[in-house]
Amino acid sequence: MKNNIIKIWLALLFSAGMVACADSGENPIVEDPEEIPEPSLENIKLKAKFGIGSAVTNSELNGQYANTLSTHFSQITGENEMKMAHIWKGENNYDWVAADGMVNFAATNNMDVHGHALLWYNSFPNWFRNANYDSATFETKIKTYIETVVGRYKGKISSWDVANEIFNDNGTLRRDGCPVFKTFNDPIAFYGRCFEYARAADPDAKLFYNDYNVVLASGKRGAMRQMVNRFRENGFPIDGLGDQFHYMVSTNRTTIKNGLTDLASTGLLIHMSELDIRINVNKDDNFVYLPSEQAKHAEAYKDFVTFFESIPQEQKFAITTWGVSDKRTWLTSWWHPKEYPLLFDENFQKKKTYEGFLEGLQ
Ligand code: XIL
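Rules of the game
Residues numbered from 1 in each chain as written. Predicted model: local features only at pLDDT ≥ 70, side-chain atom pairs only at ≥ 80, totals over all residues. Heavy atoms only, no water. UniProt positions renumbered as here; feature names shortened; annotations may be inferred. Near = heavy atom within 4 Å. Polar contact = N/O pair within 3.5 Å; in protein donor to acceptor, adjacent residues only side chain to side chain. Areas by Shrake-Rupley, 256 points an atom, 1.4 Å probe, with all protein chains shown as cover. 1 Å grid on protein atoms, 1.4 Å probe; cavity = no way out; pocket = protein on both sides within 12 Å on 5 of 7 lines; lining within 4 Å. Sits in = over half its atoms within 2 Å of the grid points. Nonpolar A, V, L, I, M, F, W, Y, C, P; charged D, E, K, R; others polar. Salt bridge = Lys/Arg side-chain N within 4 Å of Asp/Glu carboxyl O. Buried < 20%, exposed > 50% of the residue type's maximum accessible area, 1.4 Å probe, protein only. Core = buried A, V, L, I, M, F, W, Y, C linked by side-chain atoms within 4.5 Å. Contact = heavy atoms within 4.5 Å. Points joined across faces, edges and corners; volume = space filled by probe spheres on them. Helix = DSSP H or I, 4+ residues; strand = E, 2+ residues; numbered from the N terminus. Phe/Tyr/Trp six-rings, centres within 6.5 Å; stacked < 30°, edge-to-face > 60°. Lys NZ or Arg CZ within 6 Å of the ring centre and 35° of its normal. Expected span 1.5 Å × (residues − 1). Arc of directions from axis to C-beta. Pairing = 2+ DSSP bridges.

- The name given to the chain in an unreviewed UniProt entry is Beta-xylanase, with Belliella marina as the source organism.
- What UniProt records for the chain under Sequence similarities (unreviewed entry) is the sentence "Belongs to the glycosyl hydrolase 10 (cellulase F) family."
- In its Catalytic activity (unreviewed entry) section, the UniProt record describing the chain reads: "Endohydrolysis of (1->4)-beta-D-xylosidic linkages in xylans."

Quick look at the structure:
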């Protein structure tokens, strides 16, 4: 990062010098570096002292979309492509096309990849679900899956969400639609062993537990803390915790700040892992994204980033936005068609939210 900033500085100084030489003939004027705006202060990736990620869709990795990503972000996450159902088509049938595409894009553009997600109740493929395996068979197959996926991308995917959304907001384990819950007497121990399988497959990859509403729901946070304590007691590895951060412009700031502080008191890395901020909070069919709304939105981004900056520096893993531009966001189907939750508009121009994000960075 530092190197990049120095390189950009040198390039700017050099080109400024060239212009000065050309203008003044024989006596080159040495420009005062103070007069050249420092590029890092205008770009979230360059300014941040931690990862700046975005969820991406492999099929869109070209043109303006790709340029925006490589200019403003330092890491990518597959929005869907690394989920189990997208990769694991049958017991011995893995589809790597999209995941490979993203990993190659990241390598070409010198970006990190955060893998999402090895285990998510919502993405067990139907062939696996319908098999109704006993717990031993279930675990053998999942172990092979984790070894195969994490092993394939060893050294190329630097962090993984090993498990996603296993708790309800009140801290109980998710039951509905969760094959792990119905198969194991002690699901937490199973998840612990899965973290162990991932660690063995790539000892350098950072391993995360990820969930939503974490900073809002103290019950869920308590369950996560208990899980972390149990992992520590039993020697299961875990490096970090993610809160998805699918919040709203109206979400209570004090609750977020206190929840984030509480989460960081685990001492683990913290990932704001799927950040988007809903602005059309009332699902208003006539909503207009007026400048006043945009200003309010920018303020929310600034506050959220400021809260992230307030946790200990060594625990700041990354902030990942769940998409690049308002042109395509999961919220227009999941929430409301009139929704504008991200940092770039549908023409990939920086929004006021980008400025808010930038202002929140230290
Ligand atoms: C969402 C994707 O954005 C959608 O495209 C897909 O249809 C469903 O999944 N929490 C998560 C993400 O952990 O994986 C989800 O992503 C959004 C909620």
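Read on, since the account is not over.
Brief notes about the site of the ligand
Part 1: Every residue near the ligand is listed here: Glu 79, Asn 80, Lys 83, His 116, Trp 120, Asn 164, Glu 165, Gln 244, His 246, Glu 274, Trp 322 and Trp 330.
Part 2: At a separation of 2.8 Å, an oxygen atom of the ligand approaches a polar side-chain atom of Lys 83.
Part 3: One nitrogen or oxygen atom from the side chain of Trp 322 is found 2.9 Å from an oxygen atom belonging to the ligand.
Part 4: Relative to its free-state accessible area of 410 Å², the ligand is covered by the protein chains to the extent of 76%.
Part 5: Applying the majority rule of atoms within 2 Å of the grid points places the ligand in the largest pocket.
Part 6: The residue makeup of the shell around the ligand, split by class, is 3 nonpolar, 5 polar and 4 charged.

Remarks on the pattern of salt bridges
Part 1: Counted by the stated rule, this structure contains 17 salt bridges.
Part 2: The shortest N-O distance in the salt bridge between Lys 316 and Glu 309 comes to 2.8 Å. Each member of the pair, Lys 316 together with Glu 309, is buried.
Part 3: What emerges from the salt-bridge pattern is a single network uniting Glu 60, Glu 79 and Arg 328.

Focus: the nonpolar core
Part 1: Within the largest apolar cluster, 99 residues are counted, with the highest numbers of intra-cluster contacts made by Leu 69, Leu 118, Ile 142, Trp 160, Tyr 209 and Phe 357.
Part 2: Leave out the neighbours within four places in its chain, and Leu 69 touches Ser 54, Val 56, Leu 61, Ile 76, Phe 105, Met 111 and Val 324.

Here we look at the layout of surface pockets
Part 1: Approximately 330 Å³ is the volume found for the largest pocket.
Part 2: When contributions to the lining of the largest pocket are tallied by element, the ones reaching two or more residues are strand E5 (112–120) and strand E10 (269–278).

Focus on the packing of aromatic side chains
Part 1: In total, this model carries 32 aromatic pairs according to the counting rule given.
Part 2: Relative to Tyr 145, the ring of Tyr 94 lies with its centre 6.1 Å away and its plane at 10 degrees, an arrangement referred to as stacked. Placement of Tyr 94 in strand E4 (residues 93–94) and of Tyr 145 in helix H7 (residues 135–152) is noted, with a sequence separation of 51 residues between them.
Part 3: Tyr 145 gets classed as buried once you look at its relative accessible area, which sits at 0%.
Part 4: Sitting over the ring of Trp 335, Arg 278 keeps its end group 4.5 Å from the ring centre.
Part 5: In this arrangement the basic side chain of Lys 283 is found over the ring face of Trp 335, its NZ or CZ atom lying 4.3 Å from the centre.

Focus: H7
Part 1: Between its first and last C-alpha, H7 extends 25 Å over 18 residues, near the 26 Å set by a 1.5 Å rise per residue.
Part 2: For H7, every residue scored as buried is listed here: Phe 138, Glu 139, Lys 141, Ile 142, Tyr 145, Ile 146, Val 149 and Val 150. Buried residues of H7, viewed axially, fall in a sector of 165 degrees; they line one side. Opposite the buried face of H7, at more than 90 degrees from it, the exposed residues are Ala 136 and Thr 140.
Part 3: With a side-chain oxygen lying 3.1 Å from the backbone nitrogen of Ala 136, the N-terminal cap of H7 falls on Asp 134.

So, the pairing of strand E7 (residues 206–211)
Part 1: Burial analysis of E7 places 5 of its 6 residues in the buried class, the great majority of the element.
Part 2: Relative to E7, strand E6 (residues 159–164) runs parallel, the two being bridged by 5 bridges. Of the residues in E7, the one forming a bridge with Ser 159 is Lys 206.
Part 3: Both E7 and strand E8 (residues 240–243) contribute to a ladder of 4 bridges, which runs parallel.

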